[in-house]
Amino acid sequence: MTPEQRLADMGITLPGTPEPVANYVPFKIAGDLIFVSGQVPREEGGLTATGLVGGDVSPEDACRAARVCAINILAAVKAAAGDLSRVEAVRLEGFVASAEGFTGQPAVLNGASDFLIEILGEAGRHTRFAVGVAELPRGAAVEIGAVFRLL
Amino acid sequence: MTPEQRLADMGITLPGTPEPVANYVPFKIAGDLIFVSGQVPREEGGLTATGLVGGDVSPEDACRAARVCAINILAAVKAAAGDLSRVEAVRLEGFVASAEGFTGQPAVLNGASDFLIEILGEAGRHTRFAVGVAELPRGAAVEIGAVFRLL
Amino acid sequence: MTPEQRLADMGITLPGTPEPVANYVPFKIAGDLIFVSGQVPREEGGLTATGLVGGDVSPEDACRAARVCAINILAAVKAAAGDLSRVEAVRLEGFVASAEGFTGQPAVLNGASDFLIEILGEAGRHTRFAVGVAELPRGAAVEIGAVFRLL
């Protein structure tokens, strides 16, 4: 089954190439690497989670938001590569807006990591960092950048 | 017009290769990628903006500081590549020291993004992430790392 | 002297490949680049430094913790490359959990930077960014990601 078929089976439609909110591009290919701009949990209706995780936002909601970030990352990767069978994930750069004392960033990021492996299989396995930051654009609870590779 | 001519037209002199404040190098070439160390808004007289954006530092001043970071990035890229016509921007890693509740990091980063496109044209278009952090070295309001590519 | 001999001379045993605390991998090779997941100062007994630097954690202890992060990074690189003579450091992504007003992130990161140069010599020289974040996984005082290159 192709990654595109898996997405369809799960009822997930990749959004149009995410529109940057400023003067930059959603992806850039450099050699065989695809760099993807930081994605927030944006759906049609806006951001799915805003505020500080461990405060206004529960870790579970943040985990679901990280999955939405990963959907937006895949949308950019698909726009870059044409075909999700031709790529592998290399790195996630994970930023979680964190309330004082919240140290569960890895579990939040798992929402993105698990999803990539679910859709891409072994090719979805990646390195990552997960850190807790003070604030994110437009109050997003999570922002995730990525590097993929063209196979 | 070359990027170097555009800089001259704008009255901008690239500073000498930024001197790291610690045991690392301003740039490193790996294959056709140029990695550039995080740059703060350092000018001859010191940092142009220190403190938290949305608090002591206005978003407008922070945007101007991001432009200074980008000038320092170009200085490192020029030292790496010799000729700014031979490079394209791939990624900015944007960190904005942010007061509680400040979520305008993208507009701050635009100070760097717009400048790169102004100088490099299409080759200046890049991916990026922009996040709000608690503190930056020496109290800098903005720090920006970068990846470029040798054409 | 090989990097492995230098480590032995210093009485340092690289730990087993660091076990990610979530669904990701410690390293991934993409072309000639080795991406290494964010490492915390984990030793056998747990994390060597938890809390905010400039608050509960002294800059000196954080610097030592950054060195432990670098040991864990080298362990991942060794697992990826087989032989530390075959690699060079390209980039460190440094995150320091920072108390309000703490701006000494570069000196903290030097614990990692100096160690890499001590072990790898010229090949250990790298670019980096160093930023102060709000919180890190499991309360770690420092987290460092890395990119190396296969020679």
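Everything numeric in this text was worked out from a predicted model, so none of it was measured.

Cut-off values and rules
- Residues numbered from 1 in each chain as written.
- Chains lettered and ligands numbered in written order.
- Predicted model: local features only at pLDDT ≥ 70, side-chain atom pairs only at ≥ 80, totals over all residues.
- Contact = placed C-beta atoms within 7 Å.
- Helix = DSSP H or I, 4+ residues; strand = E, 2+ residues; numbered from the N terminus.
- Nonpolar A, V, L, I, M, F, W, Y, C, P; charged D, E, K, R; others polar.
- Least-squares fit on C-alpha atoms with pLDDT ≥ 70 in both.
- Core = buried A, V, L, I, M, F, W, Y, C linked by C-beta atoms within 7 Å.
- Buried ≥ 20, exposed ≤ 12 C-beta atoms within 10 Å, placed from the backbone.
- Pairing = 2+ DSSP bridges.
- Axes fitted to C-alpha atoms, helices over the stretch in contact; angles between N-to-C directions.
- Parallel < 35°, antiparallel > 145°, perpendicular 65-115°, else oblique.
- Left-handed = near helix turned anticlockwise from the far one by under 90°.

### Topic: the interface of chain C and chain A
Part 1: Contact residues are listed per partner, giving 24 residues for chain C and 27 residues for chain A.
Part 2: Elements that contribute at least two residues to the side of chain C that touches chain A include exactly β1 (27–30), β2 (33–39), β5 (87–97) and β7 (142–150) of chain C.
Part 3: The dominant element in the side of chain C that touches chain A, judged by the number of residues it contributes, is β2(C), at four residues.
Part 4: Within the side of chain C that touches chain A, the residues separate by chemical class into 13 nonpolar, six polar and five charged.

### Points about the relation of the copies chain A and chain B
Part 1: Placing chain A over chain B gives an RMSD of 0.0 Å and needs a rotation angle of 120°, together with 0.0 Å of translation along the axis. Such a combination of rotation and displacement between the chain copies is what one expects of a three-fold axis.
Part 2: Comparing contact sets, just 12% of the residues at the interface of chain A also lie at the interface in chain B, consistent with a heterologous contact between different surfaces.

### As for the relation of the copies chain C and chain A
Part 1: Overlaying chain C with chain A gives an RMSD of 0.0 Å, the required rotation being 120° about an axis along which the chain moves by 0.0 Å.
Part 2: Each copy contacts the other with its own distinct surface, as only 12% of the interface residues of chain C are interface residues in chain A too.

### Side note on the interface of chain A and chain B
As a measure of interface size, the accessible area lost when the parts come together is often cited.
Part 1: Taken residue by residue, the interface counts 24 residues in chain A and 27 residues in chain B.
Part 2: Put simply, the parts of the chain that give the side of chain A that touches chain B at least two residues each are β1 (27–30), β2 (33–39), β5 (87–97) and β7 (142–150) of chain A.
Part 3: Residues of the side of chain A that touches chain B, tallied by class, amount to 13 nonpolar, six polar and five charged.

### A short note on the nonpolar core
Generally speaking, a soluble globular protein has its nonpolar side chains buried in company with each other.
Part 1: Core analysis: the biggest nonpolar cluster contains 162 residues, and A:V142, B:V142 and C:V142 have the highest contact counts within it.
Part 2: Look past the residues within four positions of B:V142 in its chain and what remains in contact with it is B:P41, B:A49, B:A62, B:A65, B:A66, B:C69, B:F95, B:V96 and B:V108.

### Digging into the environment of A:V36
Part 1: Within the secondary structure, A:V36 is located in strand β2.
Part 2: Through-space distance from the C-alpha of A:V36 to that of A:V147 is 6.0 Å; in sequence the pair is 111 residues apart.
Part 3: When near neighbours in sequence (up to four residues on either side) are disregarded, A:V36 contacts A:P26, A:F27, A:I73, A:A76, A:V77, A:G145, A:A146, A:F148 and B:T127.

### Some points on the sheet that holds β5(A)
Residue and element names in this part refer to chain A.
Part 1: Pairing within the open sheet is mixed, and its five strands lie in the order β1-β2-β7-β5-β6. If you trace the sheet from one side to the other, it starts and ends with β1 and β6 (127–133), each paired once. Recorded for the sheet is a direction-independent mean angle of 15° between the axes of neighbouring strands.
Part 2: Contacts from helix α2 (residues 59–81) reach β1, β2, β5 and β7 within the one sheet, and its direction differs from that of β7 by about 35°.
Part 3: Lying on the sheet, helix α3 (residues 105–120) is in contact with β5, β6 and β7; it crosses β5 at an angle near 160°.

### Details of the packing of helix α2 (residues 59–81) of chain C against helix α3 (residues 105–120) of chain C
Residue and element names in this part refer to chain C.
Part 1: Contact pair α2 / α3: the axes reach a minimum separation of 7 Å and the direction vectors enclose 40°. Put simply, α2 runs oblique to α3. As α2 runs across α3, the sense of the crossing is right-handed. Residues P59, A62, C63, R64, A65, A66, R67, C69, A70 and L74 of α2 form the contact with α3, whose own contacting residues are A107, V108, L109, N110, G111, A112, F115, L116 and I119.
Part 2: Of the residues in the contact of α2 with α3, the class split is 15 nonpolar, two polar and two charged.

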